[in-house]
Amino acid sequence: MFADLGSGTSVRFRLADVVCPDVDDARERITNDLEVSGRVVFLSDSGDEKDHYAVVQVDGIRAPLVVGVEKIKKCLNLSRAI
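Everything in this summary refers to the structure shown in the same document. Predicted model only: the values in this text are computed from it and were never measured.

### Remarks on the sheet that holds strand β3 (residues 65-68)
Strands sit in the order β1-β2-β3 across an open sheet of 3 strands; the sheet is antiparallel. The open sheet has two edge strands with one neighbour each: β1 (39-46) and β3. With strand direction ignored, the average angle separating the axes of adjacent strands in the sheet is 35 degrees. Where strand β2 (residues 49-57) and β3 come together, 4 bridges link them in antiparallel fashion. The residue bridging Val-55 from the neighbouring strand is Val-66, located in β3.

Here it is in structure tokens:
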């Protein structure tokens, strides 16, 4: 289907599109090492430290996530792949 798709190619997809294992089993296999991407909604202070946390909206997660800005890596492009 994709001429340039091969071993080692970086891809993204929805968890709902996983064929094997089933979605529930795939969810159970998720570890803390899973890296997710999203968009910063706003920055939040921590006491006297300005912009210490980022509030991030992640597609597929029903509530924003709060992450320390020192743990965030900037993405070049988050446009949806089709």
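After that view of the structure, there is still more to cover.
### Quick look at the pattern of salt bridges
Taken as a whole, this structure holds 4 salt bridges when the rule is applied. Linking Asp-24 and Arg-27 is a salt bridge whose minimum nitrogen-to-oxygen distance equals 3.1 Å. One end of the pair, Asp-24, and the other, Arg-27, are both in helix α1 (residues 23-28), 3 residues apart, so they sit about a helical turn from each other. Exposure remark for Asp-24: the relative accessible area of 51% places this residue in the exposed category. Take Arg-27: its relative accessible area is 49%, and that puts it in the partly exposed class. For Lys-73, the salt bridge is made with Glu-35, and the minimal N-O distance between the two is 3.3 Å. Taken together, the positions of Lys-73 in the segment after β3 and Glu-35 in the loop between α1 and β1 put the pair 38 residues apart, joining distant regions of the chain.

Parameters and conventions
Residues numbered from 1 in each chain as written. Predicted model: local features only at pLDDT ≥ 70, side-chain atom pairs only at ≥ 80, totals over all residues. Heavy atoms only, no water. Pairing = 2+ DSSP bridges. Helix = DSSP H or I, 4+ residues; strand = E, 2+ residues; numbered from the N terminus. Axes fitted to C-alpha atoms, helices over the stretch in contact; angles between N-to-C directions. Salt bridge = Lys/Arg side-chain N within 4 Å of Asp/Glu carboxyl O. Buried < 20%, exposed > 50% of the residue type's maximum accessible area, 1.4 Å probe, protein only.

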